Amino acid sequence: MEIVKKNGPISGEEIASRLSLSRATLRPHLAVLTMSGILHARPRVGYFYAGKTQETLISETLKKIKVRDFKSRPAVIKEATSVYDALVALFLEDVGTLYVVEEGSILLGVVSRKDFLKCTMGGADLQKMPVGIIMTRMPNIITTTLDETIVEVSHKIMEYEVDSLPVVRETAGEKLEVVGRVTKTNLARVLVALGGRE
Ligand code: ADP
């Protein structure tokens, strides 16, 4: 890369001789560098540096990682579920947010730890109160889709200051069917995998 950066356009033979290597040994290396967009090759001209910075390469890699690749399973309850039973589900499912759905997994609302705290601080009868009363309701739910990139979904989580986003698919009746969940933990897991720790 350094040789091409300084001397490009430069032929494969010339690069090989500067490195005291044969053209054949160098060929697969040059192929990787051109395929990854770091170098460009032009017939009869030679190799030249494509000017891609490490930042551009990182952002191109991130744009290829879609919600469908790292989403997790959603934890869902019904609107009529009592706040008490919803809290039990929160513990059993070991999540911080539950999605409230109707028949066909259609998204109606979201209920999170803070909603439960508010409700308990208000002294409500948790066995009697349905979760539908305390949830954040559609159309105020921020959602994502299977084809959004990790960058887009992270931006939404930051901008709206929420811990999770339901992954949805639009139905024929223009409703939103819940097909997954993206949390901050999912994002951290991708980072760890990219860092080679998983
Ligand atoms: P926690 O309550 O654990 O801090 P959040 O910060 O995600 O979790 O939730 C804060 C508030 O935002 C709650 O009232 C919750 O109902 C609401 N909320 C959570 N997720 C979403 C979402 N994706 N879209 C809209 N509102 C949400």
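It should be emphasised that the depicted structure is a prediction, and the values quoted were computed from it without experimental measurement. Numbers given for residues are sequential positions, taken from 1 along each chain in its written order. In keeping with the predicted nature of the model, local features appear solely for residues at pLDDT of at least 70, side-chain atom pairs appear and are counted solely at 80 or more, and the whole-chain, interface and lining totals rest on all residues. The basis for every side-chain value is the complete set of non-hydrogen atoms in the structure, without hydrogens or water.

Q: Which residues make up the overall build of the protein, and what values do they have?
A: Counting from the N terminus, the helices are DSSP H or I runs at least four residues long and the strands are E runs at least two residues long. Within the protein, the secondary structure is distributed over nine helices and eight strands. Taking 198 residues into account, the globule formula puts the C-alpha radius of gyration at 16 Å, and the protein, at 26 Å, lies well above it. Principal-axis analysis of the C-alpha atoms places the extent of the protein at approximately 80 × 35 × 25 Å. Burial classes follow relative accessibility: with a 1.4 Å probe on protein chains only, a residue under 20% of its type's maximum area counts as buried, one over 50% as exposed, and anything between as partly exposed. Expressed as a percentage of the 198 residues in the protein, the buried residues total 37%. The charged-residue count follows a simple rule in which Lys and Arg add positive charge and Asp and Glu add negative charge, with His and chain termini not counted at all. To locate a charge, take NZ of a lysine, CZ of an arginine, CG of an aspartate or CD of a glutamate. Charged side chains in the protein number 27 positive and 24 negative. The centres of these two groups are separated by 8 Å. Only the C-alpha atoms count toward the radius of gyration. The rule for a globule is 2.2 Å times the residue count to the power 0.38.

Q: Before we move on, can you summarise the environment of Glu 60 with the specific residues and values?
A: Assignment of secondary structure puts Glu 60 in helix α4 (residues 54-63). A residue is classified by how much of its surface remains accessible, and Glu 60, at 30% relative accessible area, is partly exposed. The sequence separation of Glu 60 and Lys 184 amounts to 124 residues, and the corresponding C-alpha distance is 21 Å.

Q: Can you explain the site of the ligand? Please cite residues and give values.
A: Note on definitions. A residue lies near a molecule or strand when any single heavy atom of the residue is within 4 Å of it. Near the ligand, the surroundings consist of 15 residues, among which Ser 112, Lys 114, Asp 115, Thr 136 and Asp 163 are the closest. Backbone polar atom of Lys 114 to an oxygen atom of the ligand: 2.7 Å apart, as the coordinates give it. The definition of a polar contact used here is a pair of N or O atoms within 3.5 Å, where within protein one atom must be able to donate a hydrogen and the other to accept one, and adjacent residues in sequence count solely through side-chain atom pairs. One of the backbone N or O atoms of Ile 142 is found 2.9 Å from a nitrogen atom in the ligand. Protein contact buries 86% of the 540 Å² of open area that the ligand shows by itself. A 1.4 Å probe that fits but cannot get out identifies a cavity on a 1 Å grid over protein atoms alone, an open set with protein on both sides within 12 Å along at least five of seven lines counts as a pocket, and a residue lines either if it has an atom within 4 Å of a point. Here the criterion for a molecule occupying a pocket or cavity is that more than half of its atoms lie within 2 Å of the pocket grid points. A majority-of-atoms criterion places the ligand in the largest pocket. Only β5 (106-112), α7 (113-121) and β7 (164-170) provide two or more residues apiece to the shell around the ligand. Only Asp, Glu, Lys and Arg are considered charged in this grouping, and only Ala, Val, Leu, Ile, Met, Phe, Trp, Tyr, Cys and Pro are considered nonpolar; every other residue, Gly among them, is considered polar. In terms of residue class, the shell around the ligand is made up of six nonpolar, four polar and five charged. Where accessible areas are quoted, they stem from the Shrake-Rupley method and a 1.4 Å probe; at the residue level, only the protein chains shown are allowed to cover.

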